[in-house]
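Architecture and fold: a report
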Amino acid sequence: MRAALAEARVGLGAGEVPVGAVVVVDDVIVGQAHNAPIALVDPTAHAEVLALREAALKVGNYRLPGAVLYATLEPCAMCCGAVIQARLARVVYGAPDPRAGAVESRYRLLDDGRLNHRVEALGGVLGAECGALLKEFFETKRG
């Protein structure tokens, strides 16, 4: 999660919402990113999606069974969809997202029995630190 926080700080410095993510396979980071929808002019450029893309390229497969995604913010519906399509084993996140969180705050996509894959999830890891970074960002935006 510390590596994901470092990515979030890079995003903060770039003026993006400070969310970071890393993908780990066999205790090795194979993908890492921060939010970049402004820089990339791409609404899908969430940290999780970008980290998954990098991991898939590095591994050479769009399926990442056994991989773990660490994200500083609870993933949204789009990111949870990407996690399910990649067949990840686990998602670990920091701060909850009461407005758009799709792991447990708003929706429960990763353990929805109607879908073809379920993903173990753990929230609240370094949650206060992850949440503080987001709070800092939005307080400066709102002035």
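Values in this document were obtained by computation on a predicted structure and should not be read as measured data.

Cut-offs and rules
- Residue numbering note: each chain is counted from 1, following its sequence as written.
- Only residues with pLDDT of 70 or above have their local features reported here, since the model is predicted, and side-chain atom pairs are shown and tallied only from 80 upward, although totals for entire chains, interfaces and linings are computed over all residues.
- By convention in this description, side-chain values take in all heavy atoms of the structure and omit both hydrogens and water.
- Numbered from the N terminus, helices here are DSSP runs of H or I no shorter than four residues, and strands are runs of E no shorter than two.
- In this scheme, a residue with accessible area under 20% of its type's maximum is buried, one over 50% is exposed, and one in between is partly exposed, where area comes from a 1.4 Å probe on protein chains only.
- By the counting rule applied here, Lys and Arg register as positive and Asp and Glu as negative, while His and the ends of each chain are not counted.
- The salt bridge criterion pairs a side-chain nitrogen of Lys or Arg with a carboxyl oxygen of Asp or Glu, the two atoms within 4 Å.
- N or O atoms closer than or at 3.5 Å make up a polar contact, with two conditions inside protein: a donor-capable atom paired with an acceptor-capable one, and, for residues adjacent in sequence, both atoms drawn from side chains.
- Whether two residues touch is decided by their heavy atoms; if any such pair falls within 4.5 Å, the residues are in contact.
- Criterion used throughout: strands pair if DSSP finds at least two bridges between them.
- Axis lines are fitted to C-alpha atoms, over the contacting stretch for helices. Their N-to-C directions set the angle, which ranges from 0 to 180 degrees.
- The aromatic pairing rule takes the rings of Phe, Tyr and Trp, using the six-membered ring of Trp, and pairs them if the centres are within 6.5 Å, calling planes under 30 degrees apart stacked, those over 60 edge-to-face and the rest tilted.
- Remark: nonpolar core denotes a set of buried residues (Ala, Val, Leu, Ile, Met, Phe, Trp, Tyr, Cys) joined through side-chain atoms within 4.5 Å.

Time to look at the side chain of E7. Examined against the element boundaries, E7 turns out to sit in helix α1 (residues 2-13). Although E7 is buried, it forms no salt bridge, and the closest oppositely charged side chain is K58 at an N-O distance of 10 Å. Among the polar contacts made by the side chain of E7, one reaches the main-chain amide nitrogen of H34 at a distance of 3.3 Å. Not counting the four nearest positions on each side in its chain, E7 is found in contact with G20, A21, Q32, A33 and H34.

With that settled, consider the pattern of salt bridges. It is possible for side chains bearing opposite charge to pair when their charged atoms get close. Following the criterion strictly, the structure yields seven salt bridges and no others. R114 is paired through a salt bridge with D112; the nearest N and O atoms lie 2.6 Å apart. On the basis of relative accessibility, which here comes to 12%, the residue D112 falls in the buried class. The salt bridge involving E139 is made with K135; its shortest N-O contact spans 3.9 Å. With a gap of four residues between them, E139 and K135 both fall in helix α5 (residues 127-142), about one helical turn apart. E139 gets classed as partly exposed once you look at its relative accessible area, which sits at 48%.

This brings us to the sheet that holds strand β1 (residues 20-25). Pairing in this open sheet of five strands is mixed, and the strands run β2-β1-β3-β4-β5 from one edge to the other. If you trace the sheet from one side to the other, it starts and ends with β2 (28-34) and β5 (120-122), each paired once. For this sheet, the mean angle separating the axes of adjacent strands, direction not counted, is 15°. Taken together, the five bridges between strand β3 (residues 68-73) and strand β4 (residues 90-95) define a ladder with parallel strand orientation. Paired with L73 across the two strands is A95, which belongs to β4.

Phi at D26 is positive, roughly 50°, even though this residue is not glycine. For D26, the location among the structural elements is in the loop between β1 and β2. According to the relative accessible area criterion, D26 is exposed, its value standing at 70%. Within the chain, R87 stands out as a residue other than glycine whose phi angle is a positive 65°. Mapped onto the elements, R87 comes out in the loop between α4 (77-86) and β4.

Our next topic: the packing of aromatic side chains. On inspection of all chains with the given rule, the structure shows one aromatic pair. Summarising the aromatic geometry, the rings of F137 and F138 are spaced 5.0 Å apart at their centres and angled 80° between planes, so their arrangement reads as edge-to-face. In this structure F138 comes out as partly exposed when scored by relative accessible area, which is 30%.

Formed by 38 residues in total, the largest nonpolar core has its most connected members in V23, L52, L64, L69, V83, L88 and L110. Sorting the residues of this core by element identifies α1, β1, β2, α3 (47-59), β3, α4, β4 and α5 as the ones contributing at least two each. If one sorts the elements of this core by residue count, α3 sits on top with five residues. With near-sequence residues (within four places) excluded, L69 lies in contact with A21, V22, V23, E48, V83, L88, R90, V91 and V92.

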